[in-house]
Every structure is written in C-alpha cells, then in structure tokens.
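# Examination of the molecular architecture
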2 protein chains.
Amino acid sequence: MTELRVTPVAGLPEIGAGDDLGALIAGAVELAAGDVVVVAQKVVSKAEGRVLDLADVEPRPEAVEIAGTGEDPRFIEVVLQEAVRIVRRRGSLLVCETRHGLVCASAGVDRSNAPGDDRVVLLPLDPDASAARIRTALPDGVGVIVSDSFGRPFRQGTTDVAIGVAGIRPLLDLRGTPDASGYELRSTQIAVADEIAGAAQLVMGKLDGIPAAIVRGLRMGGNGRGSDLVMPRERDLFR
Amino acid sequence: MTELRVTPVAGLPEIGAGDDLGALIAGAVELAAGDVVVVAQKVVSKAEGRVLDLADVEPRPEAVEIAGTGEDPRFIEVVLQEAVRIVRRRGSLLVCETRHGLVCASAGVDRSNAPGDDRVVLLPLDPDASAARIRTALPDGVGVIVSDSFGRPFRQGTTDVAIGVAGIRPLLDLRGTPDASGYELRSTQIAVADEIAGAAQLVMGKLDGIPAAIVRGLRMGGNGRGSDLVMPRERDLFR
C-alpha cells in the first residue's frame, strides 16, 4: 500500500545570500530517488540575494497614492516594480500578476514586521531555475519544489503552491484515461505539485523556522515547469 | 520530530445509498485520537442518496440555451438547480456559487462519462453534517474532512479542498502570533483543512477507487465548519 510521509528538515542554519541551499539540505537529511524536497520561497530568495532595503527605494507618485495613509509607499513601489499588472485592488492591498504569470497578493513581495527592519524579500527571478539549481546538489531522482503561500479567490486562508519545480511533472494529466470502472474516461488534470507543496506546509508551518520538508512515497518522476501550473490567460475566466 | 503520514483506506466496498461510511472506514483501518479521515465527496453523496437520473430531469429553456449543441441540457438544468448564482460562464461551462457558498465548476455536479449511464452525483446538502455523521462511528478525537476536487482561478489543474469538516479547526489563525525571531507578528491564516484534503488526494488519486485516506501526525484538534473556509462575499475581490 502506498503511504506518503512528510518530514520537516530541521537543523538548517539561518540562510543568507550565496548559501548553497541544496548542499545544506543534502547534508541535513537522507535522500533517495523518488523523494521530493519542498523549499520555502523565502529562503530560496534570501539565498539568491533577492532582498531589498526600503531605505534605497524612491516611490513614484502612483505608489504614494495607492499607499494612502496606512501603507508604506516604498513597499507599494517595490510591489509595482515586481508586478506586470494589477489584477485587483482594495485600498493599498494589491493582487498582482508577476512576470512569471503568478497571481498573488503584493506580487509576492514579503515584508518583515519587525520594528526597524525595512528589508523586503522578492520572488526568485526564475523559480524553476532556483529549483533546478538546488537539485544539482541532491542525489539523482530527487525532485524539488519551491513553494509559496498564496491566498485564493473565494476561499479563506492561504495554501502553499509550487512556484518552481525541477525533476517532477507538476500536473497529473488524467484526461482520456479510464477510471476504476474501466470505461469512464476522466477529464481532469490534478495539480499534484500544489498539493505536495500544501502537504509540506503542514509540517513546515507548525515548526517555526523550518524552511524545507521532504515528501516520500510519491514516486512521480517526470519533468515539467512551474509555469505548467499557470493558467494561460486566454483560458482564464478570472484574469 | 513531527512526521505526517498519509495512508489510503483500501478495501471499502462500492458505496450506495444508506451505507454507513463511518462504520465501514472504522472497520477497515486502525484509528486513534489525532488522526484525520478524509473522505471523497462523491462517496459521501452516494451514501446520502444525492444521485439523480437525468432521465427524470426536464430542462428549462435557459438550460437548453446554455447547453447549446455540445452539452446535455438536462445536465445544465441540474447545475442551475444546484447553483444560487452563476459566477462565470464560457459556453456551456458554468462556474457557480452553491448554496454552501462554494464556488466551483458545474455547482459541484459530477457526471458519469460511461455510455448509457445518465446518473449525476450532487454535493451533500450539508457537508459539515455529513462529516459529523461519519465521525460518530469513529473513535474519540478523530477528525473528518469531506473533500472535493476544485479548479482554481489563475492556476491549471484541480486541487482537493475541504467542503465539510468535523472535529478539526480548518483555519490555522496565526494573526498576531510571534514568528521564529520572536518579535515579528504574523498576519496569516492558513487553510490547513484544504492542505490536508490535497495531501489525501495524492494517495487517493493514484489508486483508482480509493475514496478515503487517513492523515496521521497532525495533532490539530479544535472545532470548526467547512464554511470557515469560504471567503465572505463582502471581502471577496473575485466574486
């Protein structure tokens, strides 16, 4: 019987620019072909130096206008720089489309809430390349997902999704395959990489400071890109 | 170290109206306090007799118009009966809001693709009540999620989400709690029940005819309703 096991990766140091995340993870856990390593976007971005200090940001007038009285216009400026399009706006809350085609709050820009800390963390420039880079340090046959927490239309709360993948096929395409009864053809594609990212969040989120988890028992393999999970705009009823 | 284990429930019989799903699951697997049982909506609905034969359905003119030449107007009629509102439409594809506040394709109405099989399966009338009913047959402290596969705006593929829950708190509310650094207050709610439903799908979907899975190692507890995961319309930027 297939059993899935999801284990947090403990013992990683605080991650900074230039750190080799793949080597750190490979040194912290036993990995075998078929395992999938899920790494939180925030540490991937930190390792890649995708961090800005708001002290260095000059907001354009539009950013000042959107920020109003409750938001930092320099933060909005960074969001506008990271966005290719504003999909929805309520006050200073911006749901944006990023250059990767991702639709998420603040174009994925994460801010520290710590007083006096003006650094913001941006999404990786190419999350698939990030995943592939991490994968080079891991044993053959191990897949990698770079995950981030996204809100969703219609539903409360965030779920983690896969913004970058390497060494796995992120969509399970059941279209045209027979179901258990043998004669019904299914019409579904399942976003397995998003479900794996969500499963990993369940063990990462409960233990503070845990930026990675291993999912074992999937036996997925294949290849694909995070962008396979992005609905093409012409087919998207909500964009 | 926390480890999550997700195991499919094998050996359940074909489910029909009146079957006691909770008793069947309790008889098929060992359960202990803290486990969460995820049950696919389709078998829950079948056990509750939420099945219609399209032969008994008379489509209204609007259903005939929406169906066009490519869809069965009787199927559209059932979708319209199950919907309180059409959120988006492309041809005969309807994204609807159900009476539960869920937004999903075809108002959650599932159709058999088998030739000559005109039965359709509707969502449970009250998925939280369904979860609570299943839970009465299970050991104390076991949580229940009724899951369904939903498409999402912006992203390809379905993920399983929790449409009904019993004995767990579906949202993990981190708002105002300190993070690992001890002084950053987080602003997130995490839709853990949706992530658990997705994790369960990973083992249910790969083995045809497996309608339930057990997730162990969560230690969540609490109480809540599936509707806790539904974004109130006044806060929803996409409805």
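A quick note: this is a predicted structure, and the numbers were derived from the prediction, not measured.

## Observations concerning the relation of the copies chain A and chain B
The operation relating chain A to chain B is a screw motion whose rotation component is 180°, with 0.0 Å of axial translation and a residual RMSD of 0.0 Å. On the angle and the small slide along the axis, the relation comes out as a two-fold axis. Interface residue correspondence from chain A to chain B reaches 100%, placing this contact among same-surface, isologous pairings.

## A word on the side chain of B:T7
In this fold, B:T7 is placed in strand β1 (residues 4-8). Looking at B:T7, its side chain comes within polar contact range of the side chain of A:E3, at 3.1 Å.

## Considerations on the confidence of the model for chain A
When pLDDT is averaged along chain A, the result is 92, and 95% of the positions lie at 70 or above. Interface confidence in the predicted complex, given as ipTM, is 0.95; pTM for the same model is 0.96.

## A word on the interface of chain A and chain B
Residue-level contacts link 71 residues of chain A with 71 residues of chain B. Summing the contributions of chain A and of chain B, the shared interface buries around 6,300 Å²; its carbon and sulfur component is 56%. Summed over the three residues of chain A that lose the most area to chain B, namely A:F154, A:R155 and A:Q156, the buried surface amounts to 14% of that side. Scanning the region where chain A abuts chain B turns up six salt bridges.

## A few points about the pattern of salt bridges
Enumeration according to the criterion identifies 34 salt bridges over all chains in this entry. Here B:E82 makes a salt bridge to B:R99, at a shortest N to O gap of 3.7 Å. Of this pair, B:E82 sits in helix α4 (residues 73-82) while B:R99 is found in the loop between β5 (93-98) and β6 (103-105), placing the two residues 17 residues apart along the sequence. Looking at B:R99, the relative accessible area reads 42%, which means it is partly exposed. One network of salt bridges, in which partners are shared, links A:R50, A:E82 and A:R99.

Rules of the game
- Residues numbered from 1 in each chain as written.
- Chains lettered and ligands numbered in written order.
- Predicted model: local features only at pLDDT ≥ 70, side-chain atom pairs only at ≥ 80, totals over all residues.
- Heavy atoms only, no water.
- Least-squares fit on C-alpha atoms with pLDDT ≥ 70 in both.
- Contact = heavy atoms within 4.5 Å.
- Helix = DSSP H or I, 4+ residues; strand = E, 2+ residues; numbered from the N terminus.
- Polar contact = N/O pair within 3.5 Å; in protein donor to acceptor, adjacent residues only side chain to side chain.
- pLDDT = per-residue confidence, 0-100.
- Buried area = accessible area lost by both parts, 1.4 Å probe.
- Salt bridge = Lys/Arg side-chain N within 4 Å of Asp/Glu carboxyl O.
- Buried < 20%, exposed > 50% of the residue type's maximum accessible area, 1.4 Å probe, protein only.

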